[in-house]
Amino acid sequence: TLDSVENKKRNKRIASSNTPSTQDQIQESINLSDDIKKILEVGNKSLQDDDLETAENKFISAIRLDSKNVDAYFGLASVYIKKEEWVEACDTLGFSLKISPDNTRVLIALAGVYEKIDDLDKAVECYEKAVIIDDSQPEIFAKVGDLLLDINQCDNALEAMRQASELEPENQDYLDKLVDI
């Protein structure tokens with residue numbers, strides 16, 4: 001039995017020497033994460049500088065390294081928004097929501113795209129999802145109220161504006177809109 005214990009130990013050592021250690025795998029993952037962060041930084045800087053071609057390439061490179069990186073998809077969608085490529089922006093933001101359905105930043109950006117293409121019903125839907133997730137943003141309630149007024153849903157617009165003014169009772173714009181509705 002002592003021999004069998006020694007054999008088991010030897011077999012474990014041999015098996016572990018043929019596979020990367022957990023530490024190696026962790027280090028590789030950290031390196032990849034650092035690489036993606038650097039690529040995203042360059043992409044965001046390029047986006048800020050209106051170098052849209054470089055930004056687009058960087059965000060696509062980050063996606064190739066991590067196909068579930070919401071920041072990379074958001075950056076890519078931001079490029080499409082600046083280029084006014086609405087279909088690509090919608091598709092990219094929609095895919096981001098599949099990865100991270102509760103991402104209010106993505107929902108708000110998607111709502112903005114829907115506004116640009118005059119699909120106000122979908123814009124309202126996205127903004128409403130965002131306030132369901134995070135109901136602490138009065139400006140989103142106000143935006144919903146404005147859009148609901150645009151599509152003649154006055155009762156719902158009144159409620160949205162009421163919620164905005166409850167969150168910021170001193171905001172004169174919200175109070176004025178509440179009175180106007």
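Please refer to the structure higher up on the page.
Residues numbered from 1 in each chain as written. Predicted model: local features only at pLDDT ≥ 70, side-chain atom pairs only at ≥ 80, totals over all residues. Heavy atoms only, no water.

Moving on, we come to the packing of aromatic side chains. Taken as a whole and assessed by the stated rule, the structure comprises one aromatic pair. Here the aromatic rings of Y73 and F95 are separated by 5.0 Å at their centres, their planes lie at 50°, and the arrangement is tilted. In this pair, Y73 is assigned in helix α4 (residues 70-82) and F95 in helix α5 (residues 86-99), connecting sequence segments 22 residues apart. Looking at Y73, the relative accessible area reads 11%, which means it is buried. A residue is classified by how much of its surface remains accessible, and F95, at 35% relative accessible area, is partly exposed. (Phe/Tyr/Trp six-rings, centres within 6.5 Å; stacked < 30°, edge-to-face > 60°. Helix = DSSP H or I, 4+ residues; strand = E, 2+ residues; numbered from the N terminus. Buried < 20%, exposed > 50% of the residue type's maximum accessible area, 1.4 Å probe, protein only.)

What follows deals with the nonpolar core. Ranked by internal contacts, the top residues of the largest apolar core, which has 47 residues, are L93 and L110. Every element with two or more residues in this core is listed here: α2 (22-48), α3 (52-65), α4, α5, α6 (104-116), α7 (120-133), α8 (138-150) and α9 (154-167). Not counting chain neighbours up to four residues away, the residues in contact with L93 comprise F74, A77, I81, V106, A109, L110 and V113. (Core = buried A, V, L, I, M, F, W, Y, C linked by side-chain atoms within 4.5 Å. Contact = heavy atoms within 4.5 Å.)

This brings us to the pattern of salt bridges. Pairing of side chains with opposite charge becomes possible as their charged atoms draw close. Applying the stated criterion to the full structure yields nine salt bridges. For the salt bridge of D71 with R105, the shortest nitrogen-to-oxygen distance reads 2.7 Å. One end of the pair, D71, is in helix α4; the other, R105, is in helix α6, and 34 residues separate them in sequence. When its relative accessible area of 43% is taken as the criterion, D71 is described as partly exposed. Its relative accessible area of 38% is what places R105 among the partly exposed residues. (Salt bridge = Lys/Arg side-chain N within 4 Å of Asp/Glu carboxyl O.)

If you want to describe how two helices pack, look at the angle between their axes and the distance between the axes. Here α8 crosses α9 at 160°, and the two axes come no closer than 8 Å. Considering their axes alone, α8 and α9 lie roughly antiparallel with respect to each other. Seen along the crossing, α8 lies across α9 with a hand that is left-handed. Here α8 contributes P138, F141, A142, V144, G145, D146, L148 and L149 to the contact with α9, which in turn contributes C154, N156, A157, A160, M161, Q163, A164 and L167. For the contact of α8 with α9, the residue count by class is 12 nonpolar, three polar and one charged. (Axes fitted to C-alpha atoms, helices over the stretch in contact; angles between N-to-C directions. Parallel < 35°, antiparallel > 145°, perpendicular 65-115°, else oblique. Left-handed = near helix turned anticlockwise from the far one by under 90°. Nonpolar A, V, L, I, M, F, W, Y, C, P; charged D, E, K, R; others polar.)

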